[in-house]
Amino acid sequence: MSSQGFDDWVRSDRFHNSFLLAPDADLDFALQNMADNGLPQIAVSAAQGKFLYLHARAIGAKRVLEVGTLGGYSAIWLARALPADGEVVTMEVDEKHATVAQASIDHAGLASKVKIVRGPAVDSLAALPSEPKFDLAFVDADKRSNLAYLLEAERLVRPGGVIIIDNVVRYGRVSNPADPEHDGIDSQGVRRMLEHLKTDKNVDATTIATVGEKGWDGFCYAIRL
Ligand code: SAH
Ligand code: DHB
Ligand code: MG
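Cut-offs used in this document
Residues numbered from 1 in each chain as written. Chains lettered and ligands numbered in written order. Predicted model: local features only at pLDDT ≥ 70, side-chain atom pairs only at ≥ 80, totals over all residues. Heavy atoms only, no water. Core = buried A, V, L, I, M, F, W, Y, C linked by side-chain atoms within 4.5 Å. Buried < 20%, exposed > 50% of the residue type's maximum accessible area, 1.4 Å probe, protein only. Helix = DSSP H or I, 4+ residues; strand = E, 2+ residues; numbered from the N terminus. Contact = heavy atoms within 4.5 Å. Axes fitted to C-alpha atoms, helices over the stretch in contact; angles between N-to-C directions. Parallel < 35°, antiparallel > 145°, perpendicular 65-115°, else oblique. Left-handed = near helix turned anticlockwise from the far one by under 90°. Nonpolar A, V, L, I, M, F, W, Y, C, P; charged D, E, K, R; others polar. Near = heavy atom within 4 Å. Polar contact = N/O pair within 3.5 Å; in protein donor to acceptor, adjacent residues only side chain to side chain. Pairing = 2+ DSSP bridges.

**Describing the nonpolar core**
- Y73, L78 and V114 are the most contacted members of the largest nonpolar core, which totals 36 residues.
- Ranked by residues supplied to this core, first place goes to helix α4 (residues 73-80) with six residues.
- If near-sequence neighbours (up to four positions away) are discounted, Y73 is found in contact with L27, L31, M34, A43, V44, S45 and A46.
- Ranked by size, the runner-up nonpolar core spans 27 residues in total, among them V67, V157, M193 and L197.

**Quick notes on the packing of helix α3 (residues 46-58) against α4**
- In contact at an axis separation of 8 Å, α3 and α4 are set at 30° when each is read in the N-to-C sense. Taken together, α3 and α4 sit at an angle that is classed as roughly parallel. Along this stretch, α3 crosses α4, giving a crossing that reads as right-handed. Residues A46, G49, K50, L52, Y53 and A56 of α3 touch α4, and the partners they reach there are Y73, S74, W77, L78 and R80.
- In terms of residue class, the contact of α3 with α4 is built from seven nonpolar, two polar and two charged.

**Some thoughts on the site of ligand 2**
- Lining the immediate surroundings of ligand 2 are I42, D140, K143, D166, N167, R170 and K214.
- Between ligand 2 and the protein, one listed contact pairs an oxygen atom with a side-chain N or O atom of D140 at 2.8 Å.
- A distance of 2.7 Å is found between an oxygen atom of ligand 2 and a side-chain nitrogen or oxygen belonging to N167.
- Taken together, the residues of the shell around ligand 2 sort by class into one nonpolar, one polar and five charged.

**Remarks on the sheet that holds strand β3 (residues 114-118)**
- Read across the open sheet, the seven strands follow the order β3-β2-β1-β4-β5-β7-β6; overall the sheet is mixed. Each end of this open sheet is capped by a strand with a single partner; those strands are β3 and β6 (203-212). Pairwise comparison of adjacent strand axes, ignoring direction, gives a mean angle of 15° for this sheet.
- Relative to the sheet, helix α1 (residues 6-20) contacts β6 and β7 (215-224), its axis offset from that of β6 by approximately 100°.

Shown next as structure tokens:
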């Protein structure tokens, strides 16, 4: 097999996207708005965003919980999957990120479907009542709190609902705690969550590793039992 690397993964994502994703002015606006305001370029990729959208449609989601809004890119994908009376509740600690996200969500005509909750997500989650339940949760904020977010998502997602956690592979670093240079606080948070999942009776989960425009990473996919 020839050697494979980032350039190949980017080309492959773009090739597939050229058949499967239409040009999209509202998503382009959101990406440009993020770049113009100096937000980090760490939103889900277009293909991942469409996966979240298709998945929300597949399960007939009406209520979606997101932890980590950034510039609203994934929230826009998710909101588009919902019926007119559906809602994305998305949590963001950074005021600037939340303000940029709100503008892009407004621009996309989705203000009525997306509620941005500002502040540290551990506090915002704790303040959410257990009813009405969510159909889908997308956890994509600071990785050191992943276990706390998972446990709150388990409380808030209905049986049969789905919890997806982003960035659980991180170029394989999560699986290599012996490498001190790359054993950051982020990977430790992912490992703590995985350790918990080993005996967690509330969910059944698997990790799907991915390569593409965002490098080598992966989603943890869990169903609420
Ligand atoms: N889901 C977004 C990307 C999120 S990036 C997308 O795909 O478009 C992670 C976001 O989590 C950042 O905006 C960061 O500010 C936010 N974040 C970090 N720590 C947080 C916390 N404690 N509470 C809420 N949000 C947090
Ligand atoms: C980072 C965070 C993310 O949520 C992501 O998808 C990629 C990178 C980061 O903090 O570097
Ligand atoms: Mg992420």
